[in-house]
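Coordinate inspection notes
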Amino acid sequence: MRVTLFDDSIPFDAYMPGGQPLGGAEKAFASLPGALARRGHQVTVFNRCRYRMSIEGAQWEAWDAERPLQTDVLIAFRKPPLLTAVRQVGRRVLWLAAPAGYLQHPANRRILDDTAPDLVFFGFTHHATWAGGKLRASVIPPGLRPDYMAEEPTRPAGVPRAIVTTHPLHGLDWLLRLWCERIHPACPEAELHVYSMALDKAQLGGECAQPLKPVLAQALAARERGVTILRPKGDLGMAADYRAARVHLYPGHADDMACFTLMESQACGLPAVARPLGAVRERVRDGETGYVVPDDDAFANVAVQLLTNDEMFWSLNQGAHASQRERGWDAVAADFEVLFAGGGP
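Remember, predicted model here, so these are calculated numbers, not experimental data.

**Notes on the packing of aromatic side chains**
- A full pass over the atoms with the stated rule returns 15 aromatic pairs.
- With a centroid separation of 6.0 Å and an interplanar angle of 85°, the aromatic rings of phenylalanine 12 and phenylalanine 29 are classed as edge-to-face. Taken together, the residues phenylalanine 12 in the loop between β1 (2–6) and α1 (16–19) and phenylalanine 29 in helix α2 (residues 24–38) connect sequence positions 17 residues apart. Judged on exposure class, the residue phenylalanine 12 and its partner phenylalanine 29 are both buried.
- Residues phenylalanine 29 and tryptophan 60 carry aromatic rings whose centres are separated by 6.2 Å and whose planes lie at 90° to one another, so their mutual orientation is edge-to-face. Linking phenylalanine 29 in helix α2 with tryptophan 60 in strand β4 (residues 58–61), this pair joins segments that are 31 residues apart in sequence. Note on accessibility: phenylalanine 29 and tryptophan 60 belong to one class, buried.

See the structure below:
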């Protein structure tokens, strides 16, 4: 089957996630083509990659490359206008990453009415943002990349370490206050590693967007309380860092429809403490792989316990390690195949 995928966002390709930081949605798009090619499909990708190349059996083309006249399946990532990138198509799929409200915009609505695509959501929380209608909608959860599924042991660093991967504007200010006022005083030797490309660039003298300046100042002021801003890494590096930490502190956000880094850290055996926002409950099994907590007091208390209580940490470590590891991208590709055939996973 000929499968053609389109993404019109930033420059990236399927080689990038292993060694360079990349957003969860982009990693998902980068991971599916090779998985489909391994299952025997003829796969072509059009995005803003810098060079034409073959990766894992899929052909990646630059954005301005000549488009095919026809394809059996067209997968448009995020943007409805991409559904019309090929004229003759057997089945059109719109693969969403954000809440589905934007599909109600009149221009998007017209495209959906004209092309009648299948809609694909990352999870049930994500699907719930769709107002419904005549279009068929399927839930296909994302998969894990190999570095997070590797049989590598957990080796917590000598100094208790917490990790936060949230976007700086998605609750990091709240978490930094809680860390400085409640968590660090109860565990003064602990460190909080803040992974943020934007904040790391700014602390090194690069340009900082105005909305980020308050949280940057807050993080820098908290250095004496064990807070360090770090540049995110590729899959191999992040997996190693997750295995060296004791807790993933996850503020959560209502629009976080996949919680990619939470899925990855859980697979590495890293327990989480999270607020019940977005798709968090689809990633954390409360009491088994971490805790989804109702308020600030519970968040701080559980975080301190995971930083200091070995028995609690290792118990949740085992649960987390087993919770997300069974679903790689070959399983995701198999679910897409069911969709291509007219069924629904």
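**A few points about the side chain of aspartate 8**
- For aspartate 8, the position within the fold is in the loop between β1 and α1.
- Polar contacts involving the side chain of aspartate 8 include one to the side chain of arginine 48, which spans 2.7 Å.
- For aspartate 8, the contacting residues outside a window of four places in its chain are Arg48, Trp63, Lys79 and Leu82.

**So, α2**
- For α2, with 15 residues, the first-to-last C-alpha span of 22 Å sits near the 21 Å given by 1.5 Å per residue.
- Taken across its 15 residues, α2 has 14 buried, putting it largely inside the fold.
- Where α2 terminates, the next one or two residues include glycine 40, which has phi positive at roughly 95°.

The rules behind the values
Residues numbered from 1 in each chain as written. Predicted model: local features only at pLDDT ≥ 70, side-chain atom pairs only at ≥ 80, totals over all residues. Heavy atoms only, no water. Phe/Tyr/Trp six-rings, centres within 6.5 Å; stacked < 30°, edge-to-face > 60°. Helix = DSSP H or I, 4+ residues; strand = E, 2+ residues; numbered from the N terminus. Buried < 20%, exposed > 50% of the residue type's maximum accessible area, 1.4 Å probe, protein only. Polar contact = N/O pair within 3.5 Å; in protein donor to acceptor, adjacent residues only side chain to side chain. Contact = heavy atoms within 4.5 Å. Expected span 1.5 Å × (residues − 1).

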